[in-house]
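Structure at a glance
Below, each chain spelled out in residue letters.
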Amino acid sequence: MVAPAALLLREPMLLSGAGAGWSVLVPEREPWARTEEPASVGRVVGGWATALAVGAPWPVLGLWWDAAGGGFLLASGFRRTVGFGWRADGTPVGVAGAGGGVPHGEAVEGEPLVLALVGRLGLDPVLDGELLEALRAPDPEADAGARLRGLLAVLTRVGVALPAGLEPGFSAGALREALLGRPGTRRVEWSGWREAVQAELDVAGGGRFAEWMPWSGGPRAVGLAAAQIAVGAPVLARGVRARAGWGRGAAVAVGALLVAHGVVGVGYGVTRRGGGG
């Protein structure tokens, strides 16, 4: 189910299992290894997570780290992206997502940030909520890597289990090597619209999310496609107007992806209705 959506990112990825009902994607190259903009890693990961979540009816977690710190983002449908971020020494900071900053401690859609996270992930609001709150509390003994490991420990309650060798703080090369040596890992790489369409058609043939896929032509698929256009158009326009740099490229890519995916979904639905299908 993840591979068709990942294809549309048009970035070479490694895909593998990450626990019951979860998959993990690791990029095969490093588009954030540029100097045009600061903290670009979080923005790139946020853009990918948002595009994957809008293109499919499941939540997407994006984890990132570099020499300056680390963080994570949770994207879920068309809801605001939320997450935590930490400096290298573990000091909590806001997280830059695809749709703008997520200030530390800010309420999201009328509810506290932690409650928004536990609700979207299906965690226990009391026990798990306390553990997430602790990740935002001052702790001189916990650096960014320790915070991320603490987050992953909480996520095991919803089935997340990263493969061996995928550890916060490891280099991009080490992450790739860990997945390449793991049975079941596959490469997901853009090779043209025909292959992407065929991959989604294969998914649309069955499964509990089939009715949401654009190729089903059903009302839910058309509604999702229309929402993708509504979200993608302003992101694309913002990227076109932005100053040069990878942040601009990420916004343009995400916006174009959402608009294109939405146009295909709406067009397929209209064609199906017109043909009586």
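Everything numeric in this text was worked out from a predicted model, so none of it was measured.

**A few points about the nonpolar core**
The biggest cluster of nonpolar side chains holds 30 residues, and the ones touching the most others in it are Phe-84, Leu-117 and Leu-132. When contributions to this core are tallied by element, the ones reaching two or more residues are β2 (23-27), β4 (69-75), β5 (82-87), α3 (113-121), α4 (127-136), α5 (144-155) and α6 (172-180). In terms of residue count, the dominant contributor to this core is α5 (six residues). Leaving out residues up to four positions away in the same chain, Leu-132 has contacts with Phe-84, Val-114, Leu-117, Val-118, Leu-123, Leu-151 and Val-154. Residues Ala-49, Ala-51, Ala-75 and Val-188 belong to the second largest nonpolar core, which totals 13 residues.

**Description of the pattern of salt bridges**
Under the defined criterion, the tally for this structure stands at three salt bridges. Across the salt bridge formed by Arg-157 and Asp-128, the nearest N and O atoms sit 2.7 Å from each other. Of this pair, Arg-157 sits in the loop between α5 and α6 while Asp-128 is found in helix α4, placing the two residues 29 residues apart along the sequence. Arg-157 sits in the exposed class, given a relative accessible area of 53%.

**Overview of the environment of Gly-90**
Secondary-structure assignment places Gly-90 in the loop between β5 and β6 (92-93). The class for Gly-90 is buried, based on a relative accessible area of 2%. Residues Gly-90 and Leu-148, spaced 58 residues apart in sequence, show a C-alpha to C-alpha distance of 9.6 Å. Excluding residues within four positions of it along the chain, Gly-90 makes contact with Ala-142, Asp-143, Ala-144 and Arg-147.

**Details of the pairing of β2**
Sheet topology places strand β1 (residues 13-17) next to β2; five bridges connect them, and they run antiparallel. Across the sheet, the residue bridging to Leu-15 is Leu-25, located in β2. Taking the residues that link successive antiparallel strands as the turn, the β1-β2 hairpin has five residues, and the phi of Gly-19 there is positive, at about 105°.

**What to know about α3**
The buried fraction of α3 is high, at seven of nine residues. Structurally, α3 contributes buried residues whose contacts are with β3 (60-66), β4, β5, α4 and α5. Just past α3, the residue Gly-122 takes up positive phi, approximately 75°.

**Comments concerning the packing of aromatic side chains**
For the structure on display, the rule yields two aromatic pairs. Each ring, one from Phe-72 and one from Phe-84, has its centre 5.3 Å from the other, and the planes form 75°; the classification is edge-to-face. Of this pair, Phe-72 sits in strand β4 while Phe-84 sits in strand β5, placing them 12 residues apart in sequence. Given the relative accessible area of 1%, Phe-72 is considered buried. Since its relative accessible area comes to 3%, Phe-84 is described here as buried. Look at Phe-84 and Trp-86: their rings are 6.1 Å apart centre to centre, the planes differ by 85°, and that puts the pair in the edge-to-face class. Here Phe-84 matches Trp-86 in class, with each residue buried. In this structure an aromatic cluster arises from ring pairing among Phe-72, Phe-84 and Trp-86.

**Quick notes on α6**
Along α6, the residues that are buried comprise Ala-172, Leu-175, Arg-176, Ala-178 and Leu-179. For α6, the buried positions fall inside an angular range of 160° around the axis, keeping them on one side. Taken together, the buried residues of α6 touch β1, β2 and β3.

**A look at the side chain of Ser-76**
When you line up the elements, Ser-76 lands in the loop between β4 and β5. By relative accessible area, which is 17% here, Ser-76 ends up buried. With residues up to four places along the chain from it excluded, the contact list for Ser-76 reads Ala-53, Pro-59 and Arg-120.

Reading the values: the criteria
- Residues numbered from 1 in each chain as written.
- Predicted model: local features only at pLDDT ≥ 70, side-chain atom pairs only at ≥ 80, totals over all residues.
- Heavy atoms only, no water.
- Core = buried A, V, L, I, M, F, W, Y, C linked by side-chain atoms within 4.5 Å.
- Buried < 20%, exposed > 50% of the residue type's maximum accessible area, 1.4 Å probe, protein only.
- Helix = DSSP H or I, 4+ residues; strand = E, 2+ residues; numbered from the N terminus.
- Contact = heavy atoms within 4.5 Å.
- Salt bridge = Lys/Arg side-chain N within 4 Å of Asp/Glu carboxyl O.
- Pairing = 2+ DSSP bridges.
- Phe/Tyr/Trp six-rings, centres within 6.5 Å; stacked < 30°, edge-to-face > 60°.
- Arc of directions from axis to C-beta.

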